[in-house]
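Observations on the model geometry
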Amino acid sequence: MTPLTGRTALVTGASRGIGRAIARRLAADGMLVAVHYGSNEAAARETVRLIEKDGGRAFSIRAELGVPGDVDTLFAVLEAGLLAQTGRVRLDVLVNNAAVTADSIETITPEAFDRLIAVNTKAPLFIIQRALPLLNDGGRIVNLSAAATRIAMPKQPYAMSKAAIEVLSSSLAQMVGGRSITVNAVAPGPTVTDMNPWMLDDPEVQQMVGSGNAVPRAGQPADIADVVAFLASEAGRWVTGQVIDASGGCFLG
Ligand code: NDP
């Protein structure tokens, strides 16, 4: 039996990239994982297939975030899936991972800014609000932030949406600590995923990006998933309200 057998997790944006790696890692630790995605059904199915191939359990949930009714859609399918698979509607771990990037400060439109905040900031808050009554005491909430909140990345309104996630994490940690629920933000540096298409399939670019890290290579999704898995585990019970940098020491100085 693996350490987290019998527990349940929701990972948003788990069809690709870091979210897929987190979902696979939590499933390998024994959790039943709800693999949320927005539109890429084939990728979500592949995440579920990879988990099942490794002997784990998962089901997928389609719900576009940042549109009216998004959280209702997500929880309707989540609750039905948990009931069907476990006979109960209880969660142990919530990972708010889904996010988008945006144009620069010079060019972003008010509509695009609204969408950035709706997906990256508003959706996690209301997902948490809906998840709290389902979350068991001793549960875990992990919110994906970005190292871009600590490093002044020129031109990026994206970092604004993530700074709010860090404040939300510490406020919430204080609020739910009495139930032994921990809440943390994990802040990756540049990681090889679809979010950075210019890095994909280009080892030279990855090496160049990685050279800014104390550990001189580009981040991989599994590097982030291992940190999230620690926070989700019993071993992470005494860490709460923190921003955990998971960047290999990106621009430490
Ligand atoms: P990807 O772009 O590779 O994957 C994004 C995931 O989020 C997909 O599963 C996608 O679903 C889902 N998603 C995006 N928009 C929506 C939406 N509107 N509604 C529902 N689902 C949506 O991202 P990464 O894996 O790179 O990033 C994961 C997290 O890590 C994010 O929070 C990101 O901000 C953070 N991060 C990433 C860094 C990096 O360098 N990659 C650096 C710092 C932080 P679908 O497949 O259906 O489109």
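What counts and how
- Residues numbered from 1 in each chain as written.
- Predicted model: local features only at pLDDT ≥ 70, side-chain atom pairs only at ≥ 80, totals over all residues.
- Heavy atoms only, no water.
- Helix = DSSP H or I, 4+ residues; strand = E, 2+ residues; numbered from the N terminus.
- Rg over C-alpha atoms; globule rule 2.2 N^0.38 Å.
- Buried < 20%, exposed > 50% of the residue type's maximum accessible area, 1.4 Å probe, protein only.
- Contact = heavy atoms within 4.5 Å.
- Lys, Arg positive; Asp, Glu negative; His and termini not counted.
- Charge placed at Lys NZ, Arg CZ, Asp CG, Glu CD.
- Salt bridge = Lys/Arg side-chain N within 4 Å of Asp/Glu carboxyl O.
- Axes fitted to C-alpha atoms, helices over the stretch in contact; angles between N-to-C directions.
- Parallel < 35°, antiparallel > 145°, perpendicular 65-115°, else oblique.
- Left-handed = near helix turned anticlockwise from the far one by under 90°.
- Nonpolar A, V, L, I, M, F, W, Y, C, P; charged D, E, K, R; others polar.
- pLDDT = per-residue confidence, 0-100.
- Arc of directions from axis to C-beta.
- Near = heavy atom within 4 Å.
- Polar contact = N/O pair within 3.5 Å; in protein donor to acceptor, adjacent residues only side chain to side chain.
- Areas by Shrake-Rupley, 256 points an atom, 1.4 Å probe, with all protein chains shown as cover.
- Pairing = 2+ DSSP bridges.
- Right-handed = clockwise from strand over helix to strand, strands pointing away.

This paragraph deals with the overall build of the protein. The helix and strand tally for the protein stands at 7 helices and 7 strands. Its C-alpha radius of gyration of 17 Å places the protein within 12% of the 18 Å reference for a compact globule of 253 residues. Overall, the C-alpha framework of the protein stretches about 50 × 40 × 40 Å when taken along its three principal axes. Buried residues in the protein amount to 49% of all 253 residues. Residue pairs at least 24 apart in sequence account for 72% of intrachain contacts in the protein once pairs closer than 6 positions are excluded. Put simply, the protein has 22 plus and 24 minus side-chain charges, and the middle of one group is 6 Å from the middle of the other.

Going through the model one piece at a time under the given rule, you end up with 13 salt bridges. In this structure, the salt-bridge partner of aspartate 29 is arginine 25, at a minimum N-O distance of 3.3 Å. Among the residues examined, aspartate 29 registers a relative accessible area of 13% and is labelled buried. Connected through salt bridges with shared partners, the residues Arg24, Lys53 and Asp54 form a single ionic network.

Two numbers describe how helix 3 (residues 70–86) lies on helix 4 (residues 110–131): the axes approach to 10 Å, and their chain directions differ by 40°. Comparing the axis directions of helix 3 and helix 4 gives the class oblique. In terms of crossing hand, the pair formed by helix 3 and helix 4 is right-handed. Taken together, the residues of helix 4 that come into contact with helix 3 (itself represented by Asp70, Val71, Asp72, Leu74 and Phe75) are Ala123, Phe126, Ile127, Arg130 and Ala131. Of the residues belonging to the contact of helix 3 with helix 4, the class tally is 7 nonpolar, no polar and 3 charged.

Turning to the packing of helix 1 (residues 17–28) against helix 7 (residues 221–232), a few remarks are in order. At a closest axis distance of 8 Å, the pairing of helix 1 and helix 7 adopts a crossing angle of 45°. In terms of their interaxial angle, helix 1 and helix 7 are classed as oblique. Remark: the crossing between helix 1 and helix 7 carries right-handed chirality. Packed against helix 1, whose contacting residues are Gly17, Ile18, Ala21, Ile22, Arg25 and Leu26, the element helix 7 presents Pro221, Ala222, Ile224, Ala225, Asp226, Val228, Ala229 and Ala232 at the interface.

Averaged over all residues, the pLDDT of the protein is 96; the fraction at 70 or higher stands at 99%. Put simply, helix 6 (residues 203–210) is where the protein has its lowest mean pLDDT, 96, and strand 2 (residues 32–37) is where it has its highest, 99.

This part covers helix 6. Each turn of an α-helix holds 3.6 residues, which means side chains three or four residues apart point in the same direction. Within helix 6, the full set of buried residues consists of Val205, Gln206, Val209 and Gly210. One side of helix 6 carries all its buried residues, which in axial view fall inside an arc of 135°. Pointing more than 90 degrees away from the buried face of helix 6 are the exposed residues Pro203, Glu204, Gln207 and Met208.

This paragraph deals with the environment of glycine 210. Position of glycine 210 relative to the elements: it lies in helix 6. It is 38 Å that separates the C-alpha atoms of glycine 210 and arginine 130, two residues lying 80 residues apart in sequence. Once residues within four sequence positions are removed from consideration, glycine 210 is found in contact with Val215, Pro216, Arg217 and Ala218.

Ser15, Ser39, Asn97, Tyr158 and Thr193 are the nearest of the 33 residues found near the ligand. Taking glycine 13, its main chain carries an N or O atom lying 3.1 Å from an oxygen atom of the ligand. A total of 900 Å² of accessible area belongs to the ligand in isolation, and the protein chains cover 93% of it. Mapped onto the shell around the ligand, the elements with two or more residues apiece are helix 1, strand 2, helix 4 and helix 5 (158–176). Partitioned by chemical class, the residues of the shell around the ligand number 15 nonpolar, 13 polar and 5 charged.

With that out of the way, let us pick up the pairing of strand 5 (residues 135–144). Counting buried positions along strand 5 gives 8 out of 10 residues, so the element sits mostly inside the fold. Relative to strand 5, strand 4 (residues 91–96) runs parallel, the two sharing 5 bridges. Bridge assignment links leucine 94 to a residue of strand 5, and that residue is isoleucine 141. Tracing the backbone out of strand 4, into helix 4 and back to the parallel element strand 5 gives a crossover that is right-handed. As paired elements, strand 5 and strand 6 (residues 182–188) share 5 bridges and run parallel to each other.

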